[in-house]
Amino acid sequence: MTDTTWFTDARFGLFVHWGLHSLAARHEWVQKHEAIPTEEYGRYLEYFDPDLFDPVAWAETAWQAGMRYTVITTKHHEGFCLWDSDLTDFKATSAPAGRDLLAEFTDAFRARGFKIGFYYSLIDWRHPEFPVDQYHPHSEDELAKAEPRDMGKYVEYMNGQVTELLTRYGQIDIIWFDYSYNRPGVWGGKGPDDWESENLLKLARDLQPGILVNNRLGIPGDFATPEQFQPSNPPTQDGEPIVWEACHTLNGSWGYDRDNHRFKSPDLLARMLIDSVAKNGNVLLNVGPNGRGELEPTAVERLSALAGWMRLHERSIRGAGASDFQAPTDMRFTQRGNRLYLHLYTWPLKHVHLQDMAGKVAYAQFLHDASEVGLKWHGGAVHSQLEDSSITEDTLTLIVPEQKPDVLVPVIELFLEEA
C-alpha cells in the first residue's frame, strides 16, 4: 500500500491547466466544442510565446494561499506538451517559447517546498493513431472515423511519454491520469483495456516508487477524484473509507476562458475546503494561466483572499481531518489531536449548542485572534423563557458575540479534556 500520509496532511493543492488552448481562450475543450480540424488547430503552436511566465511568482501565490502540492497539465487532450518530448514536435520547444516550460515550473515549485504532480491526458487528439471516438474533434467526419488507426502504437507512444516525464524531472509525487470513458452511450469510448492500464500503473510505480496515482485509469488507484462537486458523504470503496481529493475550478473552466467571469466567491472556496477536510478529503483548486503565462487577476485575488484566511486558520486544515463529534446544522467540525475546530458557515444569535459535549471541552477560543469563547453547560432543568427547552444536561453552549468576526469563515478552537 502506497503511503499517502503527506497527501492527507497537506489537504490543499494547486491544479494548473495550461497549453495551446490558453491562446484560444475559450475553454480547454475548444478544439472539440468547435470541431476544429487537427491541422487548423496546430496553428496555435506558431504563436505560443508566454513571455510573462514567472513560475516563482505562481509558486509564491499558491504557497501563501496554503497550498502544499501542485499538479500541472504536462499534456492535455489537445496533445501539446509543455516539455521537450523526443516523441513529438507538438511541444513548447517547437513553439516561439523555445524552452522546456515544465522544467521551469517544476524547479520553481519544488524550490518553494511543494510536492510535484504531473497531469497526463490519456486522450490525444493530435496523435494520428489515436482512434476517433465520440469525444474527438473529428467525431462528425466520416472519413476520419473510417481511417484505420492502431491503438497499440498509440499506447507505445503514451508509455514513452510517461517514461520521459517520470525519469527527467527528479522525484515526482503524483501522476494524475485523465481519463477513462468506456461507459454505455459513448461510442468508441476507451478504458483500462485500451490504455493497458495495469501495465501503465506498473510502469509509473517502477519508475517512481512511492508515487501516488489517481483513479482515472479505470482501475483502483491511491486516491479518488470527484470533480466539480462536493461529496455529501466521505467516499468509500467496497464499504471502506478511501483517500480522496475534490478537484474544482474557480469559474467552471479549467483552461483560460477569457469571457467566463463566473468566479466562485472567496467564502465559498473556503467552505469547500473546510467541507472536504471535515470529510477526510483534500481540495485541488485550479487556475488557468493565459497565453502570456500570467494568472488571471481574479484568480490571484481569490487566492489572496484564501491566503488571508489560511494564515489565521491553517491549523484547522493542515494535518486535520474528520471528527467523531457531530457538528450543528450548517457548521463543520475538523479535528487535529485534542483540538476540535468548529467552522461556522452561518453566524448564530449569541449561542452555539453542542449536543453531548458537556464536560468534554476544557477551553474555547476564536482561532483568528485567540480571544476566549465563553462556555456554559447545563446541569439540570432549564428556565423555559430564557433558554431553549430542547437543551439537555449533556449540552455544551458556546457564548459568542452578536457581531460576526471579519473573516471568511469564523472558526472556534475547542481544547478537549484529556480522556
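Refer to the structure printed above.
Values in this document were obtained by computation on a predicted structure and should not be read as measured data.

Caption draft 1: The overall build of the protein, seen in detail. When helices and strands are counted, the protein shows 12 helices and 16 strands. In terms of C-alpha radius of gyration, the protein reaches 24 Å, essentially the compact-globule figure of 22 Å for 419 residues. Judged by the C-alpha coordinates and their principal axes, the protein covers about 80 × 45 × 40 Å. With 419 residues in all, the protein has 56% of them scored as buried. Put simply, of all contacts in the protein between residues at least 6 apart along the chain, 71% involve residues at least 24 apart. For the protein, the computed accessible surface area is about 18,000 Å², with 48% contributed by carbon and sulfur atoms.

Caption draft 2: Summary view of the environment of E164. Relative to the helices and strands, E164 resides in helix α8 (residues 151-167). With relative accessibility at 6%, the residue E164 sits in the buried group. Remark: the alpha-carbon pair of E164 and D84, spanning 80 residues in sequence, is separated by 9.2 Å. For E164, the residues in contact, after removing those within four places along its chain, are W83, S85, D86, L87 and Y169. At 2.9 Å, the side chain of E164 and the backbone nitrogen of D86 are in polar contact.

Caption draft 3: Region of interest: the packing of aromatic side chains. Here the structure, examined in full by the defined rule, presents 30 aromatic pairs. Taking 5.2 Å as the distance between ring centres and 75° as the angle between the ring planes, the aromatic pair formed by Y41 and Y44 counts as edge-to-face. For the pair formed by Y41 and Y44, the shared burial category is buried. Of note, K115 hangs over the ring of W6, and the distance from its end group to the ring centre comes to 5.6 Å. Just above the ring of Y345 sits the side chain of R271; from NZ or CZ to the centre is 5.8 Å.

Caption draft 4: Structural view of the sheet that holds strand β15 (residues 396-399). Taken in spatial order, the three strands line up as β12-β15-β14 in an open sheet, and their pairing is antiparallel. Of all strands in the sheet, those with a lone pairing partner are β12 (351-354) and β14 (374-377), marking the two edges. Neighbour to neighbour, the strand axes of the sheet diverge by 25° on average, direction disregarded. Note: β14 against β15, four bridges, orientation antiparallel. Of the residues in β15, the one forming a bridge with W377 is L396.

Caption draft 5: A look at the sheet that holds strand β4 (residues 174-178). Read across the open sheet, the seven strands follow the order β5-β4-β3-β2-β1-β9-β8; overall the sheet is parallel. The sheet is open, and its two borders are formed by β5 (212-213) and β8 (244-248), each paired with just one other strand. In the sheet, strand β3 (residues 115-121) pairs with β4 via five bridges, with the strands oriented parallel. Within β4, the residue paired with G117 across the bridge is I174.

The rules behind these values
- Residues numbered from 1 in each chain as written.
- Predicted model: local features only at pLDDT ≥ 70, side-chain atom pairs only at ≥ 80, totals over all residues.
- Heavy atoms only, no water.
- Helix = DSSP H or I, 4+ residues; strand = E, 2+ residues; numbered from the N terminus.
- Rg over C-alpha atoms; globule rule 2.2 N^0.38 Å.
- Buried < 20%, exposed > 50% of the residue type's maximum accessible area, 1.4 Å probe, protein only.
- Contact = heavy atoms within 4.5 Å.
- Areas by Shrake-Rupley, 256 points an atom, 1.4 Å probe, with all protein chains shown as cover.
- Polar contact = N/O pair within 3.5 Å; in protein donor to acceptor, adjacent residues only side chain to side chain.
- Phe/Tyr/Trp six-rings, centres within 6.5 Å; stacked < 30°, edge-to-face > 60°.
- Lys NZ or Arg CZ within 6 Å of the ring centre and 35° of its normal.
- Pairing = 2+ DSSP bridges.
- Axes fitted to C-alpha atoms, helices over the stretch in contact; angles between N-to-C directions.

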